[in-house]
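Coordinate inspection notes
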Amino acid sequence: MRPMRSFPRPIRGALLALLTAAVAGCPPTGPSRVVLYCAQDKEFAEGVLGEFRQKTGMEATPKFDTEADKSVSLYVELVKDKDRPRCDVFWNNEIVSTIRLKRQGLLEPYDSPSAAPYPATAKDKDHCWTAFAARARVLLVNTDLVKDADRPKSLLDLTDPKWKGRIAMARPQFGTTATQAACLFEVLGPERAKAFYRGLKDNGVQLSPGNKQAAEWVGRGRTPAGSEVAVAMTDTDDSLEEIKAGSHVAIILPDRDEVPGARIGTLFLPNTVAIIRGCPNPDGARKLVDFLLSAGVEKELAEGPSHQIPLNPEVKATLPDAIKDIRAAHPMAVDFERAADLWDEAQTFLRDEFAR
């Protein structure tokens, strides 16, 4: 056996610490951090992760996505690393790409006790993911540019010529805008959905880097280049930020007046949380999932700046006046599994139409 003194001093110190722990019957501690890939906005997630550290003593090390590439680049990285995953937990800001990860065998089943109160519709049947804290896809209008009587009532109204050159939308290959497209392919059928997006293109829809920028353009009433923007397709959290900023805007819940049984309506998109199969720290991953699905976190996300809608029926939260009646919306009756089936077709179409 090689004598201890033949090793360099730093290595001798490390070996001595290991031997001391072994002799004392105390093996070295396991990983003290859990790696989180997070598509939720950084400013909304960081406070939650700080509370996790305080409660458990474990560090949640996040990798965030950019606003422009929201959720897509993280999905690509998870697929690329599937044989040697670096991520423990994926906190996604939507659901369809999470379903796609499950279908590729990248998610580890875990039936979290924190998920028990959630409705069955919020839980994967194989316990590979749980949905929580939803946002809605809404229309945001500039009230200085659009009179009350002229406001669009339906998403499909945006193809009307009166909105020509006055609409904004985040690039539809990314984030919740991409998920909305896949959901419309499912609800309307591919041909009607394609006709809708061609109608937006013919109406001169202006593409923003992300949903936040689309909302900001409506708040200013113009793009950075000076083109008018009167209405945008965006998310509730970004819309509420513009209201807080004092912009003259109003939120419209699209298709809220549809007859009962109609599939078109306001699209609600939950966050999802899942453990990556073969992750480096499965014990820490389970602790983080339990924490994120807790009633306290959903309440915090509802009453914090993002104002996301709780899915746990036991969570009672106060929402802002601008969306206080959001639960009265007519929800889009979308089959997310079927939307995942249509993802590739929708993305191919959108790239051909909007990436040129």
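Rules used in this analysis
- Residues numbered from 1 in each chain as written.
- Predicted model: local features only at pLDDT ≥ 70, side-chain atom pairs only at ≥ 80, totals over all residues.
- Heavy atoms only, no water.
- Helix = DSSP H or I, 4+ residues; strand = E, 2+ residues; numbered from the N terminus.
- Buried < 20%, exposed > 50% of the residue type's maximum accessible area, 1.4 Å probe, protein only.
- Contact = heavy atoms within 4.5 Å.
- Areas by Shrake-Rupley, 256 points an atom, 1.4 Å probe, with all protein chains shown as cover.
- 1 Å grid on protein atoms, 1.4 Å probe; cavity = no way out; pocket = protein on both sides within 12 Å on 5 of 7 lines; lining within 4 Å.
- Points joined across faces, edges and corners; volume = space filled by probe spheres on them.
- Nonpolar A, V, L, I, M, F, W, Y, C, P; charged D, E, K, R; others polar.
- Disulfide = S-S within 2.5 Å.
- Expected span 1.5 Å × (residues − 1).
- Core = buried A, V, L, I, M, F, W, Y, C linked by side-chain atoms within 4.5 Å.
- Salt bridge = Lys/Arg side-chain N within 4 Å of Asp/Glu carboxyl O.
- Polar contact = N/O pair within 3.5 Å; in protein donor to acceptor, adjacent residues only side chain to side chain.
- Arc of directions from axis to C-beta.

A few words now on the overall build of the protein. In terms of helices and strands, the protein carries 12 helices and 10 strands. A buried classification covers 53% of the 356 residues belonging to the protein. Pairs at least 24 apart in sequence give 76% of the contacts found in the protein among residues at least 6 apart. Carbon together with sulfur atoms contributes 53% to the accessible area of the protein, which is approximately 16,200 Å² in total.

Looking now at empty space enclosed by the protein. Going through the model one piece at a time under the given rule, you end up with 3 cavities of 30 Å³ or more. Looking at the second largest cavity, its volume works out to about 50 Å³. Broken down by element, the lining of the second largest cavity gets its largest block of residues, 3 residues, from strand E10 (residues 267-276). Classifying every residue of the lining of the second largest cavity by side-chain character gives 7 nonpolar, 2 polar and 1 charged.

What follows is about the state of the cysteines. Counted according to the given criterion, the structure contains 0 disulfides. Of all cysteine sulfurs in the structure, the one in Cys279 sits closest to Cys87, which takes part in no disulfide; the separation is 7.9 Å.

Turning to helix H5 (residues 175-188), a few remarks are in order. For an α-helix the count is 3.6 residues per turn, leaving residues at separations of three or four pointing the same way. Counted at 1.5 Å a residue, the expected span for H5 with its 14 residues is 20 Å, and the 20 Å between its end C-alpha atoms agrees. In terms of burial, H5 is largely enclosed, as 14 of its 14 residues are buried.

Next up on the list: the layout of surface pockets. By volume, the largest pocket amounts to about 440 Å³. Lining the largest pocket are 20 residues, and of these Thr121, Ala134, Phe268, Leu311 and Pro331 lie nearest its centre. Contributing elements (two or more residues each) for the lining of the largest pocket: strand E5 (130-142) and E10. The element best represented in the lining of the largest pocket is E10, accounting for 3 residues. Tallied by class, the residues present in the lining of the largest pocket amount to 18 nonpolar, 1 polar and 1 charged. Taken as a whole, the second largest pocket holds about 220 Å³ of empty space. Along the walls of the second largest pocket sit 14 residues, with Pro152, Ile251, Ile252, Leu253 and Arg256 positioned nearest its centre. In terms of residue class, the lining of the second largest pocket is made up of 7 nonpolar, no polar and 7 charged.

In this section: the nonpolar core. Among the nonpolar cores identified, the biggest contains 87 residues, and Leu184, Tyr197, Leu200 and Phe336 are the most heavily contacted of them. Per element, the largest residue contribution to this core is 8 residues, and it comes from H5. Aside from chain neighbours lying at most four places away, what touches Tyr197 is Met169, Gln180, Ala181, Leu184, Phe349, Leu350 and Phe354. Counting residues in each nonpolar core, the second largest holds 22 residues, with Ala168, Trp217, Leu253 and Ile309 among its members.

What follows concerns the environment of Val297. By secondary structure assignment, the location of Val297 is in helix H10 (residues 295-303). The spacing of Val297 and Glu51 is 246 residues in sequence and 9.3 Å in space, taken between C-alpha atoms. Once you skip the residues sitting within four places of it in the chain, Val297 turns out to touch Val48, Phe291 and Leu292.

Located in the positive-phi region is His127, a residue other than glycine, with phi close to 65°. What makes His127 partly exposed here is its relative accessible area of 34%. One non-glycine residue, Ala133, adopts positive backbone phi at about 50°. Under the relative-accessibility criterion, Ala133 is labelled buried at 1%.

Here the focus is the pattern of salt bridges. According to the stated counting rule, one finds 27 salt bridges in the structure shown. In this structure, Glu216 and Lys212 form a salt bridge, with 3.8 Å as the shortest nitrogen-oxygen distance. On the criterion of helical spacing, the pair formed by Glu216 and Lys212 is a turn pair, its members being 4 residues apart in helix H7 (residues 211-220). Residue Lys212 is classed as partly exposed on the basis of its relative accessible area, which comes to 31%.

This part takes up the environment of Glu94. One can find Glu94 in the loop between strand E3 (89-92) and helix H4 (96-103). Distance in space between the C-alpha atoms of Glu94 and Leu269 is 5.7 Å, their sequence separation being 175 residues. At 2.8 Å, the side chain of Glu94 and the backbone nitrogen of Val96 are in polar contact.

This part takes up helix H3 (residues 72-80). Among all positions of H3, only Leu74, Tyr75, Glu77 and Leu78 are buried. The buried residues of H3 occupy one face: seen down the axis, they fall within an arc of 165°. In the core, the buried residues of H3 are packed alongside strand E1 (33-38), strand E2 (59-64), E3, H4 and E10.

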